[in-house]
Amino acid sequence: MGRKRILYVIWSLDLGGAEQVVIHLASNLDPKKFEPMVCCLNTKGRYAASVEQKGIRVFELKKRPKLDLFLIPKLVRLIREEKIDLIHTHLFTANFWGRLVAFFSGVPVVSTEHNMDVWKKWFHFAIDRILARVNTRMIFVSESVMKFYEKRVSRFNGKAKVIYNGIDVERFQNSPHPTLSPSGGEEKGEGAPHVIGIVGRLVPQKGHLDFIEAIRILRLRKKNVVGLIVGDGPFKE
């Protein structure tokens, strides 16, 4: 039996957390069992080249603004020509078009919700409610996100699953940076504090209050650290 062909659908492979999730998923599938591809509804984005260097094909459909009905035959054609076995969509625009086309194509579709999307209006949730019926599975990146959508969309009839975003811990285990000793100093050199940063939109769901509390606890334990927050949003003041 040949490899299963997985098509990841997202707006683009530009800067963002969901985009990184797609890149990591596509890059780490077992190549003996799966053949991943990425479909960008807009343009490929700045990280597409690094994905293509790994032998993963990236398609761009250059979606027109607003309701671009020409996108449907483009997606259907791509799915049929590439003999896609499973569609995996990410974020609202891709979730909308990907599930719609999965219905027409008869291909199983999995959708991932990455956030508590407080920006959505009642009609966005109505669309999600209708299209959730098409899903084989719904994936949520946290319990909070799943509860948010269960309250506003559906209980998902057993389709829902929480899968946390993966982290390549080897990147940090092999880090050359000095570590804190139990006494609160540094194993390599004294004086300069460790800077612990958080980068993201300043909104409740990003957990900045938890970050601030973590820095406070470390300081109480006499650890030589300072916190750095990078971002903008409602929590800035």
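Residues numbered from 1 in each chain as written. Predicted model: local features only at pLDDT ≥ 70, side-chain atom pairs only at ≥ 80, totals over all residues. Heavy atoms only, no water.

Caption draft 1: Structural context of the state of the cysteines. Applying the stated criterion to the full structure yields zero disulfides. The thiol sulfur of Cys-39 is not disulfide-bonded, and the nearest other cysteine sulfur, from Cys-40, lies at 6.8 Å. For Cys-39, a relative accessible area of 0% puts it in the buried group. Of the residues examined, Cys-40 reaches a relative accessible area of 0% and is grouped as buried. (Disulfide = S-S within 2.5 Å. Buried < 20%, exposed > 50% of the residue type's maximum accessible area, 1.4 Å probe, protein only.)

Caption draft 2: Seen up close, the nonpolar core. In this structure, Leu-7, Cys-39, Leu-41 and Ile-87 are the most contacted members of the largest nonpolar core, which totals 22 residues. Those elements giving two or more residues to this core turn out to be strand 1 (4-10), strand 2 (34-40), helix 3 (71-81) and helix 4 (92-105). Beyond its immediate sequence surroundings of up to four residues, Ile-87 is in contact with Leu-7, Val-9, Ile-79, Gly-98, Ala-102, Val-107, Pro-108, Val-109 and Val-110. Within the second largest apolar cluster, 14 residues are counted, among which are Ile-23, Ala-26, Cys-40 and Val-51. (Core = buried A, V, L, I, M, F, W, Y, C linked by side-chain atoms within 4.5 Å. Helix = DSSP H or I, 4+ residues; strand = E, 2+ residues; numbered from the N terminus. Contact = heavy atoms within 4.5 Å.)

Caption draft 3: Spotlight on the sheet that holds strand 1. Pairing is parallel across the open sheet formed by seven strands, whose spatial order is 3-2-1-4-5-6-7. Both outer strands of the open sheet, strand 3 (57-60) and strand 7 (160-162), are each paired with one neighbouring strand and no more. Neighbour-to-neighbour, the strand axes of this sheet turn through a mean angle of 25°, independent of strand direction. When strand 6 (residues 137-140) meets strand 7, the two strands line up parallel, connected through three bridges. Residue pairing across strands places Ile-139 opposite Lys-161, the latter belonging to strand 7. (Pairing = 2+ DSSP bridges. Axes fitted to C-alpha atoms, helices over the stretch in contact; angles between N-to-C directions.)

Caption draft 4: Focus on the packing of helix 5 (residues 122-131) against helix 6 (residues 143-152). The geometry of helix 5 relative to helix 6 is characterised by a closest axis approach of 10 Å and an angle of 95° between their N-to-C directions. Considering the angle they form, helix 5 stands roughly perpendicular to helix 6. Here helix 5 contributes Phe-125, Asp-128 and Arg-129 to the contact with helix 6, which in turn contributes Phe-148, Tyr-149 and Arg-152. (Parallel < 35°, antiparallel > 145°, perpendicular 65-115°, else oblique.)

Caption draft 5: Layout of the pattern of salt bridges. What the rule picks out here adds up to 14 salt bridges. One salt bridge in this structure joins Arg-46 and Asp-14, with 2.4 Å as the shortest N-O distance. In this pair, Arg-46 is assigned in the loop between strand 2 and helix 2 (48-52) and Asp-14 in the loop between strand 1 and helix 1 (17-28), connecting sequence segments 32 residues apart. Among the ionic pairs, Arg-216 bridges to Glu-213, the shortest N-O distance being 2.8 Å. With Arg-216 and Glu-213 both in helix 8 (residues 208-220) and three residues apart, the pair spans about one turn of that helix. One salt-bridge network, held together by shared partners, links Arg-3, Arg-5, Glu-35, Arg-57 and Glu-82. (Salt bridge = Lys/Arg side-chain N within 4 Å of Asp/Glu carboxyl O.)

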